[in-house]
Each structure stands twice: as C-alpha cells, then as structure tokens.
Amino acid sequence: MTTRRRFLTGVAGAALGSASGIWGAKASGEETAKDGGKSNKIGKMRLSFRPYLLELRHAFGVAGSTRKTTQGVQVEIELDGVVGYGEAAMPPYLSESTASVLAFLERVDLSQFKSPFELDDILSYVDGICENNCAAKASVDIALHDLVGKLMGQPWWRIWGLDKDKTPPTMYTIGIDKPEVVREKTLEAERFAVLKVKLGRDEKSDREMIESVRAVSDKPICVDANQGWNDKVYALEMVEWLSEKGVVLVEQPMKKTRWDEIAWITERSPLPIMADESLQRLTDVARMKGVFSGINIKLMKCSGMREAWKMLNLARALDMKVMVGCMTETSCAISAAAQLSPAVDWADLDGNFLIGNDLFDGVGLAANGKLLLNDRPGLGLVKLDAPKNRLG
Ligand code: MG
C-alpha cells in the first residue's frame, strides 16, 4: 500500500463514515484509492479535499438570518509525508457552497510548480483560475502556508517577524437572541475578555441585547450592526448610546455601499467605525480611507493569508485601524488568521469556539483571554483523533 493510500484509508476511516466524508482529489486517472477517494500525483505536492459540515453549538442570529450549520471543506497539501492543512468555510451570504468549492479545487493543478516555496507564484495562479471563490482560494492558501511553515520549521508569526506575546484578546460573539439566552451566552463566555454583540435587527432588540449583556457583565463590548441600521442620524445616536454602555468599536453600521453616510457617521463618532461587508480584498482597502476608521480582514473573504498580510500592511500605511475576524471555522483557519494577530488592534477569532466539532488543536486562549500562539511550525496545528467541542 502506498503512503498515499494509507493516508486516504486512515483519514476516510476516521472521517464521517459517509460519502460526504470521503476525501477527493483532482482526478488524473493516475492512481485511484480503494476507498473511492482519488489521488493525483502532482509533482511532489498532492492536493486532497473533502466536505466537512460545521455544527454550530447555538443557532446563530445576525441582522437578517439565523442558522445552525456552516458548510465547510477540509483541504490537505502533502509533500513527502509532510501535510499542510487548510479549510474553506462558507456562510450563506458569501455565495460560495460546498459544491462550488469542490468544483474550484478540481481545477487546481499544482503540477506546474516545482516547489511549495514558489508560494507567491502558486497563489497568483490559484487566484487567477476564476473570479471570486475566495473561500476556495483561501483553503489552498492556508494549506500551502501550513506546509511551507512546516518545511521551514517555523511558525508564520515568526516568519512575518511578529512577537507572539503581543497577541490581543479574542472577542467572543453573542448572536441576536432572547434576553435570557443572551444572558446565558454571556455567562458562558467567562474565559473571554472582550465580547462581540450582534445588533441591527431593530431598536428595541438592539437596546435589549446590550442591556441583557450588561445585566451580567461589565467586559468591553464590540458591536457588529451587520449593515442593519438604515438612517445615519439614528446610527450615530446608537453609537453615542453604545459608547456610554462601554462599547469600544462599531462594525458596519449601514449597508455596505452607503459610503457617504458611513463617512458622515465616522467623522462624528466617539468610537472607531470598522468596515466588514464594505470591503473584501486588497484592492478595496484604499477606498475605505476616510469612510471607516479601519478594516476587518477575514481570510475567507480575502483569499487567504498572503493577501491578508498585504491588506494589513496597506491599512497601516494608510494609518487605519485593523481587526482580524473569521467565519465559523475549525481551529485550522482560526490558527491561520491568528498568525497575524500580534499586528492587529482587535481580534475576533472565536469561530472554533462556536462549533461543536473542531478538528484541530492550534491557537489557544490564555487565562487573561489573549490568543495564545504556540511555537509549532506552520499554523501550529495538531490534528485531533475525534471532533471536539472546545467549550464542552
Ligand atoms: Mg462583521
């Protein structure tokens, strides 16, 4: 049995035990594993992938929707027995799905590259395969970064020249819900030093959300309105009220294209106003200057770690604030984003705590709520024997 076949058998056996748990890879006809997974011998690098549904611990409510699962795809790039892990997570508003990510990955041909150290060329090629599909692109980017870091024997925070002691605390997200559930979720967040509260449904709900959190906690709060406020004067009044309630920043107060009104709010706001839905990639960053105080970088929006690092540096050159955020993700993509975190103002990297079936140990949480980066190479991941609920 080849190494590849042993790998496929082991993973498939430990996986979901269903068709959706079987690893696939780009079909080449070169080699077919007995378990139904396919393998393509691509130079030395081998790309494989499988769907993995992320199960949310609580139904997750934001302005406009509520859901209990997030579609995901797990990715591996293997070279001479060293495996780089990556993942795509696809919340419905990103217009990517398991099917679209798998279709994209089928098109990725790494055989033209001699080495994973051609990281910039490889990822430029991946980005050029087609428009959009940023979560799919991020899954390859993350796996390649993990592989390259492992081959170099260094974690990415060190390769980027960062000090792992400078990580910020991560926020813990409280979705829109009934007051008693909000109080329960707030109490459940005792290990976290900063709370992120979702607002934007309506005024009564917004005020009730904040009052419910404040009934049981005096921790700093970051508010995410998720484009939910429709009037700039009302939005500014809310920001001023929130400021009195111990809120430290507000994300995306109005619809993503209403730049003039958002700039009007930012100019008058006592709190930093951060862009999330208004920006996606590197080319969007400069036009956020003067509209928002700063940007929220997410790997699934921006195509991965390579572009996230460029966005961070461009935002700093423009004297803008930076936060790094996430989707509901396993500790794979969370640990990838966390590599950047010593360089940001705020981190919102709690996606691995919001699911009940994490697949990795990676970035941890210190006793004071700060992100805890480790010295392991790449993304610092250890694959778990069985899915884990980190707050269970
Ligand atoms: Mg947001």
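From a predicted model like this one, the values you see are computed outputs, not experimental measurements.

*Asks:* Any chance you could explain the environment of serine 111 here in plain terms?
*Replies:* With respect to the secondary-structure elements, serine 111 resides in the loop between α2 (98–107) and α3 (119–128). Polar side-chain contacts of serine 111 include one of 2.6 Å to the side chain of aspartate 109.

*Asks:* Can you help me understand the packing of aromatic side chains in this one?
*Replies:* Aromatic ring pairs are defined here through the distance separating the ring centres and the angle between the ring planes. Enumeration according to the criterion identifies seven aromatic pairs in this entry. Measuring from ring centre to ring centre gives 5.5 Å for phenylalanine 113 and tyrosine 125, while their planes differ by 50°; the resulting arrangement is tilted. Here phenylalanine 113 is found in the loop between α2 and α3, whereas its partner tyrosine 125 is found in helix α3, with twelve residues between them in sequence. Taken together, the ring pairs connect Trp156, Trp160 and Trp309 into an aromatic cluster. Sitting above the plane of the tryptophan 241 ring, arginine 207 keeps its charged end 4.6 Å from the centroid.

*Asks:* Please explain empty space enclosed by the protein as it appears in this structure.
*Replies:* Over the atoms rolls a probe the size of a water molecule, and its path tells where empty space is left. Scanning all chains against the criterion turns up two cavities of 30 Å³ or more. Considering only enclosed or pocket space, the largest cavity measures out at about 100 Å³ in volume. For the lining of the largest cavity, the elements supplying multiple residues, two or more each, are β5 (54–62) and β8 (171–174). The element that contributes the greatest number of residues to the lining of the largest cavity is β5, accounting for five residues. For the lining of the largest cavity, the class distribution of residues is five nonpolar, four polar and two charged. Each of domain 1 (3–153) and domain 2 (159–388) gives at least three residues to the lining of the largest cavity. Of the volumes computed, that of the second largest cavity is approximately 70 Å³. Elements supplying a minimum of two residues to the lining of the second largest cavity: α3, α4 (134–152) and α12 (305–317).

*Asks:* How should I be thinking about the coordination of the magnesium ion in this particular structure?
*Replies:* When a metal holds four donors in a tetrahedron, each ideal angle between them is 109.5 degrees; when it holds six in an octahedron, the ideal angles are 90 or 180 degrees. The magnesium ion binds to the protein through Asp224 (OD), Glu251 (OE) and Asp276 (OD), with metal-donor distances spanning 2.1 to 2.2 Å. In the primary sequence, the donor residues of the magnesium ion line up as D-x26-E-x24-D. Of this pair, aspartate 224 sits in strand β10 (residues 221–224) while glutamate 251 is found in strand β11 (residues 247–251), placing the two residues 27 residues apart along the sequence. The burial state of aspartate 224 is the same as that of glutamate 251; both residues are buried.

*Asks:* Looking at this structure, how should I read the pattern of salt bridges?
*Replies:* Charged atoms that come close allow side chains of opposite charge to pair. Applying the stated criterion to the full structure yields 27 salt bridges. A salt bridge links glutamate 76 to lysine 383, with the nearest nitrogen and oxygen atoms 3.5 Å apart. Here glutamate 76, found in strand β6 (residues 65–79), pairs with lysine 383, found in strand β19 (residues 382–388); they are 307 residues apart in sequence, far enough to count as distant. For glutamate 76, a relative accessible area of 2% translates into the label buried. Close ionic contact of lysine 150 with aspartate 146 constitutes a salt bridge, the shortest N to O distance being 2.8 Å. Here the residue lysine 150 and the residue aspartate 146 both occupy positions in helix α4, the gap between them amounting to four residues, near one helical turn.

Thresholds, definitions, all that
- Residues numbered from 1 in each chain as written.
- Predicted model: local features only at pLDDT ≥ 70, side-chain atom pairs only at ≥ 80, totals over all residues.
- Heavy atoms only, no water.
- Helix = DSSP H or I, 4+ residues; strand = E, 2+ residues; numbered from the N terminus.
- Polar contact = N/O pair within 3.5 Å; in protein donor to acceptor, adjacent residues only side chain to side chain.
- Phe/Tyr/Trp six-rings, centres within 6.5 Å; stacked < 30°, edge-to-face > 60°.
- Lys NZ or Arg CZ within 6 Å of the ring centre and 35° of its normal.
- 1 Å grid on protein atoms, 1.4 Å probe; cavity = no way out; pocket = protein on both sides within 12 Å on 5 of 7 lines; lining within 4 Å.
- Points joined across faces, edges and corners; volume = space filled by probe spheres on them.
- Nonpolar A, V, L, I, M, F, W, Y, C, P; charged D, E, K, R; others polar.
- Domains from an automatic or database assignment.
- Donors = N, O, S within 2.8 Å, 3.2 Å for Na, K, Ca; no water.
- Buried < 20%, exposed > 50% of the residue type's maximum accessible area, 1.4 Å probe, protein only.
- Salt bridge = Lys/Arg side-chain N within 4 Å of Asp/Glu carboxyl O.

Nothing here speaks to function; it is geometry throughout.
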